[in-house]
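Listed here are the chains, written in short residue letters.
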Amino acid sequence: DQQVKQNSPSLSVQEGRISILNCDYTNSMFDYFLWYKKYPAEGPTFLISISSIKDKNEDGRFTVFLNKSAKHLSLHIVPSQPGDSAVYFCAATAYNNNDMRFGAGTRLTVKP
Amino acid sequence: DGGITQSPKYLFRKEGQNVTLSCEQNLNHDAMYWYRQDPGQGLRLIYYSQIVNDFQKGDIAEGYSVSREKKESFPLTVTSAQKNPTAFYLCASSYSGGLTNEKLFFGSGTQLSVL
């Protein structure tokens, strides 16, 4: 069963504009959420995370928002740059749980 | 330079053959993981290990086997019982294995294809 869903397989934005990537989850036990970035033929690299006790976490151009009641999180990239073009995976895990669940990924293309 | 090394980058398997994917880490992490990625799907957990000489099955362990004889190494064997082995395999590690909320560090992956 897909406990973490990324319903948009792809997203294209213009350089300098905002990119918004969305993620939904079904398991209310999840309390830690992460975003990973992946380039072709490479492993994912950690981008940003958020604990369920927060609703926002910011790191430079990247901000993650968490809406627990809606079981929804989003990643905002402002401003978007061509180097941000990659596949972004949303992931979730519960405390003391080794099974991190991943979404299917969203391919972001930032056009110059 | 600390990290996770997976080898080989590309691997081909013949019918009925077992193949082993290598994963080595020098991050001094306790926990290691194997994930499988298929096109259009998220990463799915095959096996994980929190400590040496111990490992647990993930969601899709059938047709796979692992060992954890050293902290640094977590090889994955794809056996002939795995009928659909073509996929991108990712090895990962984390500091303590889920005892606290923590991120995973990934290797660069192995693409396995069936001849």
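It should be noted that the structure appears before, not after, this text.
Computed from a predicted model, the values in this text were never measured in an experiment. (Residues numbered from 1 in each chain as written. Chains lettered and ligands numbered in written order. Predicted model: local features only at pLDDT ≥ 70, side-chain atom pairs only at ≥ 80, totals over all residues. Heavy atoms only, no water.)

A. Representation of the interface of chain B and chain A in the model. Contacts between the two partners involve 25 residues from chain B, matched on the other side by 21 residues from chain A. Interface area, chain B with chain A, both sides summed: about 1900 Å², of which 54% is carbon and sulfur. The largest contributions to the chain B side of the interface with chain A come from Leu-43, Asn-101 and Lys-103 of chain B, which together make up 27% of the buried area. At the junction of chain B and chain A, the tally comes to one salt bridge. The closest approach of N and O atoms between Arg-101 of chain A and Asp-59 of chain B, which form a salt bridge, is 2.5 Å. Counting the contacts that link chain B with chain A gives five residue pairs in polar contact (both at pLDDT 80 or more). Within the residue set of the side of chain B that touches chain A, elements represented by two or more residues are strand 4 (31-37), strand 5 (44-51) and strand 9 (87-94) of chain B. Of the residues assigned to the side of chain B that touches chain A, the class counts are 10 nonpolar, 11 polar and four charged. (Contact = heavy atoms within 4.5 Å. Buried area = accessible area lost by both parts, 1.4 Å probe. Salt bridge = Lys/Arg side-chain N within 4 Å of Asp/Glu carboxyl O. Polar contact = N/O pair within 3.5 Å; in protein donor to acceptor, adjacent residues only side chain to side chain. Helix = DSSP H or I, 4+ residues; strand = E, 2+ residues; numbered from the N terminus. Nonpolar A, V, L, I, M, F, W, Y, C, P; charged D, E, K, R; others polar.)

B. Inspection of the state of the cysteines at higher detail. All names here are of chain A. Applying the stated criterion to the full structure yields two disulfides over all chains. A disulfide bridge connects Cys-23 with Cys-90, and the sulfur atoms are separated by 2.0 Å. Handedness here is read from the sign of the S-S torsion; for Cys-23 and Cys-90, about -75°, the answer is left-handed. Here Cys-23 is found in strand 3 (residues 19-25), whereas its partner Cys-90 is found in strand 9 (residues 86-93), with 67 residues between them in sequence. (Disulfide = S-S within 2.5 Å.)

C. Seen up close, the environment of Ile-20 of chain A. All names here are of chain A. Its location among the elements puts Ile-20 in strand 3. Residue Ile-20 is classed as partly exposed on the basis of its relative accessible area, which comes to 38%. Setting aside residues no more than four positions away along its own chain, Ile-20 makes contact with Leu-11, Ser-74, Leu-75 and His-76. (Buried < 20%, exposed > 50% of the residue type's maximum accessible area, 1.4 Å probe, protein only.)

D. Spotlight on unusual backbone geometry. Val-78 of chain A connects to Pro-79 of chain A through a cis peptide bond whose omega is -10°. By the secondary structure assignment, Pro-79 of chain A is in the loop between strand 8 (72-77) and strand 9. Each neighbour pair has its own omega, and for Ser-7 of chain B with Pro-8 of chain B the value is -10°, a cis peptide bond. Here Pro-8 of chain B is to be found in the loop between strand 1 (4-7) and strand 2 (10-13). Even without being glycine, Ala-41 of chain A reaches a positive phi, approximately 60°. By the secondary structure assignment, Ala-41 of chain A is in the loop between strand 4 (32-38) and strand 5 (45-51). Located in the positive-phi region is Asn-53 of chain B, a residue other than glycine, with phi close to 65°. By relative accessible area, Asn-53 of chain B is classed as exposed at 63%.

E. Quick look at the side chain of Thr-63 of chain A. All names here are of chain A. Within the element layout of this structure, Thr-63 appears in strand 7 (residues 62-67). On the basis of relative accessible area, Thr-63 is assigned to the buried category, the value being 10%. Not counting chain neighbours up to four residues away, the residues in contact with Thr-63 comprise Ile-48, Lys-56, Asn-57, Glu-58, Ser-74, Leu-75 and His-76.

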